Amino acid sequence: MVSLEVFTQFTEDAIAQEDHVCQCPSCAAKICKGEPCHYIATVVHGQPGRFVCGACYQHYQRKAATGVQPSGVRLAGRHSPDLQNIWQSVNAAQRSSSIQPPPVVATSYGRNALAGPKVVIPSSWRQNSHPQPIYAAPVPQQSHSAVYAAPVPQRQSHSAIHTAPVPGYSVNHAQKAYSTPPAETISLELSAVQEGGNKRKGGRGIGFGNICEGMKDVDAQINAPGLVALALDTIRPKIEAFAPGFLWRQDKFIVRDGAWVDLATHPENVPYFYSQCLHPSRKVSVVVPMAQWNDYESWLDKIEEEDLNHRHCPASPVVTSLFHTVSTVAPSSEASSKRQFRSETQSSSLPPSHPHKKPALNFCSPDHNRLRDVLQSGGTMDLDVCQVLNLQNKNIHFFPILKRPLSEILDKPQYHAFCLDPEACYNGQLTIDISSDNTLGAGAFKTAHPGWLTLFAAPESRLGSCPRQKVAVKRPFHKIYPPGGSTKAPGRYIMGRYAVADEIPKLFQEANVLYWAGPLLEFAYNYIDHCIARSTDPPPFTIPQLRFVEAGLALSYSQAPRSDLNQKSKGCPPRAGFLLEELIGDDDSRNFIKYIHNMDCNPLLDPDEFSYDIAAFLACTQHIQYTKTGGLAFISDYQGDAEILTDPQVLTHPTFSLVSKGKNIFGDGNLEVEVTVTVLAEELESAESAEDSELESAVSAGEAS
């Protein structure tokens, strides 16, 4: 059996290096140098732990609330890293990797000098000139890219600096390069396809290599030979880059338009697309004949077989697992079928790179016994119908409980209470697990079930910001006792749901309590921060950081039954209500704790119990709220984990019952308000715990300064 040890931080040293006092509140024994001294971590993130003696360490080991882990997790004798060596290593690495600016090289051109355009001479213009691109000299006016066009009327000649003879660059070339774009232009879409396709779907060609190029400002009077030259000059280099090792027969390429018309059969002196100038773009494809494409695939299959033979040696490694290895050899008779499959399914979304297959893996057969067991267990598996039937889906309107400062609530009448504001409502869907096995809990008035909330227009933060967020779904209930049964017999009743007209007001009261509890707790924190800021010394203890849950009220709606369609329309009233809260203690590391009861202001935890410091701090917040509000209100019934609180009660002064016309202030929690608040007020005035005294001393020092 694995032994367990208490969570510790940063050190494995269990021996005191000097004399000091045990930091356990209920011990405070002296720990001499050389005696056992253990470090106990807290559940609050960022809060330091305590150094305790050996007896207190054994006490924490026996507590059920103490977190433990296997003792073999940490290595014995492991020391903390040397921070000085780490600092020196990081500085040395940064100095060695510093970026040096490149050297400055002087040039003979001015700062704004522009390079001349790259002019590509089409095959139809060449008259004994060199076929390679020619770079023109820089010119002051804006340069344009080369335009493939039919013969156009002679435009005005340029200055001598533009038309000066250059070796390999005639005056006619200069006029075409520096001429302004024609008045009527079109756009072209050039692509490369292979001949073939699914004839049933009207396919004539299949694109390959993702070869597609768009061109703008093409002369609308361009003829068929000009289009052929433009398409071949643009697409041929990309086809060569697609398969550089294959010898393409480029003289066999066919240039076709979008209607699959061969441009070579069109008259030369007639503009090809001039009658279609109103169309936004036209398609021209360079078609690889089917015979040439079959030659390419045969060459590709040969390359792949040679690569496989070279990659797989006879002594291939044997896979040691539950599978048996079987060596396979791809038969060459499948080459034709592979070519046919590749021709039908090859997608044009592939990158323009050399195509290759994935390396073949050794085929492995599963273990016979293992396969038999899995087939037996998987084939006989039945559906848990109760698991499906216990899930309920609700279409809801969700009204979030917004958090506002207490000063804003007091200043604006519309913020005096929680309200169902239609402008702040979200439509969504709620899934509830109503099974009794997965119930989160049941109190004296409410039940809590797990659920998942999805809002269609989710907010950026707060509850419902992510889809299918885990929530606690709470609903009120009333106890139904059997006929003749006693109401005092525990457990001898069934839970009944209220009618929707009675259920929604009760949920509204719970939401209103949460609406006021958040500002009252924040008010206590603001007072503490104010006193600490005015004090010269920090508080002698760490202040816990707590908040109330993100929550909201959800109303469920459903469509009216078909029998009501012929009756007078009454709208779609809500069918049920739910109080949704963020889930507390979703993982095992966060425990739910009751800190203070609603009938007592003293902490429910003992001083030697874990999280007692949080309970004492919450008792201090009650004292601040009661004192700074003049005894009018404070929060009670604190419960939750080390970070999030839920299900509070707001207790008010007994005089409120005289002016509220007999109504319960903040719901059923104030039914005994005259007795409860009077008793709690006396306890709050006389309560002086150790933590309260330390905080009050810090507050007094802050007010004195």
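It should be noted that the structure appears before, not after, this text.
Residues numbered from 1 in each chain as written. Predicted model: local features only at pLDDT ≥ 70, side-chain atom pairs only at ≥ 80, totals over all residues. Heavy atoms only, no water.

Student: Would you mind going over the overall build of the protein chain with me for this structure?
Tutor: Secondary structure assignment for the protein chain yields 15 helices and 29 strands. Out of the 705 residues in the protein chain, the part that is buried amounts to 33%. A fraction of 67% describes how many contacts in the protein chain between residues 6 or more apart in sequence connect residues 24 or more apart. In the form shown here, the protein chain has an accessible surface area of approximately 43800 Å², with 55% of it arising from carbon and sulfur atoms. (Helix = DSSP H or I, 4+ residues; strand = E, 2+ residues; numbered from the N terminus. Buried < 20%, exposed > 50% of the residue type's maximum accessible area, 1.4 Å probe, protein only. Contact = heavy atoms within 4.5 Å. Areas by Shrake-Rupley, 256 points an atom, 1.4 Å probe, with all protein chains shown as cover.)

Student: I would appreciate a short explanation of a nonpolar patch on the surface in the present structure.
Tutor: A surface patch of nonpolar side chains, amounting to about 410 Å² of accessible area, comprises Leu-383, Val-385, Val-388 and Leu-389. Mapped onto the fold, Leu-389 is located in helix α9 (residues 385-389). For Leu-389, a relative accessible area of 61% translates into the label exposed. (Patch = residues over 30% accessible without salt bridge, like charges linked within 9 Å, V, L, I, M, F, W, Y side chains within 5 Å. Salt bridge = Lys/Arg side-chain N within 4 Å of Asp/Glu carboxyl O.)

Student: Help me understand the sheet that holds strand β10 (residues 205-219) in this model?
Tutor: The pairing of strands in a sheet happens through backbone hydrogen bonds and is either parallel or antiparallel. Spatial strand order, β10-β9-β12-β11: four strands in an open sheet with mixed pairing. The sheet is open, and its two borders are formed by β10 and β11 (254-257), each paired with just one other strand. Shown here is a sheet whose adjacent strand axes are inclined to one another by a mean of 25°, direction ignored. Note that strand β9 (residues 185-195) and β10 share nine bridges and pair antiparallel. Across the sheet, Leu-188 pairs through a bridge with Met-215, a residue of β10. Those strands touched by helix α5 (residues 224-242) are β9, β10, β11 and β12 (282-288), and its axis lies near 140° from that of β10. (Pairing = 2+ DSSP bridges. Axes fitted to C-alpha atoms, helices over the stretch in contact; angles between N-to-C directions.)

Student: Honestly, the packing of helix α11 (residues 500-534) against helix α12 (residues 612-628) in this entry has me stumped. Any pointers?
Tutor: The description of two packed helices rests on the angle between their axes and on the distance between the axes. Contact geometry of α11 with α12 gives a least axis separation of 9 Å together with a crossing angle of 90°. Put simply, α11 runs roughly perpendicular to α12. Within the contact between the two elements, α11 uses Leu-520, Leu-521, Phe-523, Ala-524, Tyr-525, Tyr-527 and Ile-528 and α12 uses Phe-617, Thr-621, Ile-624, Gln-625 and Lys-628. (Parallel < 35°, antiparallel > 145°, perpendicular 65-115°, else oblique.)

Student: I keep staring at the packing of aromatic side chains and nothing clicks. Help me out?
Tutor: Aromatic ring pairs: the centre-centre distance and the angle between the two ring planes describe each pair. Per the stated rule, a full pass over the model turns up 17 aromatic pairs. Ring centres of Phe-242 and Tyr-296 lie 5.9 Å apart, and the angle between their planes is 45°; on these two criteria the pair is classed as tilted. Of this pair, Phe-242 sits in helix α5 while Tyr-296 sits in helix α6 (residues 290-311), and the two are 54 residues apart along the sequence. When sorted by exposure, Phe-242 lands in the same class as Tyr-296, which is buried. Ring centres of Phe-418 and Tyr-515 lie 6.5 Å apart, and the angle between their planes is 50°; this geometry places the pair in the tilted category. (Phe/Tyr/Trp six-rings, centres within 6.5 Å; stacked < 30°, edge-to-face > 60°.)

Student: Explain the nonpolar core to me, please; I cannot follow it from the model alone.
Tutor: Within soluble globular proteins, side chains that are nonpolar generally end up buried alongside one another. Core analysis: the largest hydrophobic core is formed by 51 residues, its most contacted members being Phe-548, Tyr-595, Leu-618, Tyr-638 and Leu-645. Contributions of two or more residues to this core are made by α10 (406-411), α11, β23 (551-557), α12 and β28 (644-645). The element best represented in this core is α11, accounting for 15 residues. Look past the residues within four positions of Tyr-638 in its chain and what remains in contact with it is Leu-521, Phe-548, Lys-594, Tyr-595, Ile-596, Leu-618, Thr-621, Gln-622, Gln-625 and Leu-645. (Core = buried A, V, L, I, M, F, W, Y, C linked by side-chain atoms within 4.5 Å.)

Student: Honestly, unusual backbone geometry in this entry has me stumped. Any pointers?
Tutor: Leaving glycine out, the prevailing phi sign among residues is negative, and the prevailing peptide bond configuration is trans. Non-glycine residue Ala-28 carries a positive phi angle of around 60°. Tracing the sequence through the fold places Ala-28 in the loop between β2 (20-21) and β3 (30-31). By relative accessible area, Ala-28 is classed as partly exposed at 48%.

Student: Can you walk me through helix α1 (residues 54-62) in this structure?
Tutor: Each turn of an α-helix holds 3.6 residues, which means side chains three or four residues apart point in the same direction. Here α1 has its buried residues at Cys-56, Tyr-57 and Tyr-60. Down the axis of α1, the sector holding all buried residues measures 105°, keeping them to one side. Exposed positions of α1 whose direction lies more than 90 degrees from the buried face are Ala-55 and Arg-62. (Arc of directions from axis to C-beta.)

Student: Is there a simple way to think about the state of the cysteines in this case?
Tutor: Disulfide: a covalent bond connecting the sulfur atoms of a pair of cysteines. Taken as a whole and judged by the stated rule, the model has zero disulfides. No disulfide involves Cys-27; its sulfur sits 3.6 Å from that of Cys-56, the nearest cysteine. A relative accessible area of 30% places Cys-27 in the partly exposed class. (Disulfide = S-S within 2.5 Å.)

Student: Help me out: how do you make sense of the pattern of salt bridges in this one?
Tutor: A side chain of one charge can pair with a side chain of the opposite charge when the charged atoms of the two come close. Within this structure, the stated rule accounts for twelve salt bridges. Put simply, Asp-233 and Arg-236 hold a salt bridge, and the shortest N to O gap is 3.4 Å. Taken as a pair, Asp-233 and Arg-236 lie in helix α5 at a separation of three residues, close to a single helical turn. Using a relative accessible area of 26% as the deciding quantity, one classes Asp-233 as partly exposed. Under the relative-accessibility criterion, Arg-236 is labelled partly exposed at 25%. When the shortest N-O distance is used, the salt bridge between Arg-475 and Glu-503 registers 2.8 Å. One end of the pair, Arg-475, is in strand β19 (residues 469-476); the other, Glu-503, is in helix α11, and 28 residues separate them in sequence. It is possible to trace a salt-bridge network through shared partners that takes in Lys-446, Glu-510 and Asp-647.

Student: Any chance you could explain the environment of Tyr-481 here in plain terms?
Tutor: As for its position among the elements, Tyr-481 is in the loop between β20 (478-480) and β21 (494-496). Between the C-alpha atom of Tyr-481 and that of Tyr-493, which follows or precedes it by twelve residues, the distance is 4.5 Å.

Student: Please clarify how the pairing of strand β15 (residues 391-400) should be interpreted in this entry.
Tutor: Side-chain positions along a regular strand alternate between the two faces of the sheet. For β15 and strand β16 (residues 426-433), the ladder comprises eight bridges, and the chain directions are antiparallel. Across the sheet, residue Asn-395 finds its bridge partner in β16, namely Gln-429. For β15 and β23, the ladder comprises six bridges, and the chain directions are antiparallel. Looking across to β23, one finds that Asn-395 is bridged to Tyr-557.

Student: Before we go on, may I ask you to explain the environment of Ala-619 in this structure?
Tutor: Checked against the element boundaries, Ala-619 lands in helix α12. Taking C-alpha positions, Ala-619 is 9.1 Å from Tyr-638, a pair spaced 19 residues apart along the chain. Setting aside chain neighbours within four positions, we find Ala-619 in contact with Ile-596, Cys-601 and Pro-603.

Student: I'm lost on the side chain of Thr-621 in this one. Help?
Tutor: Along the chain, Thr-621 turns up in helix α12. Of the residues examined, Thr-621 reaches a relative accessible area of 0% and is grouped as buried. A polar contact is formed between the side chain of Thr-621 and the backbone oxygen of Leu-618, at a distance of 2.5 Å. Look past the residues within four positions of Thr-621 in its chain and what remains in contact with it is Leu-521, Ala-524 and Tyr-638. (Polar contact = N/O pair within 3.5 Å; in protein donor to acceptor, adjacent residues only side chain to side chain.)

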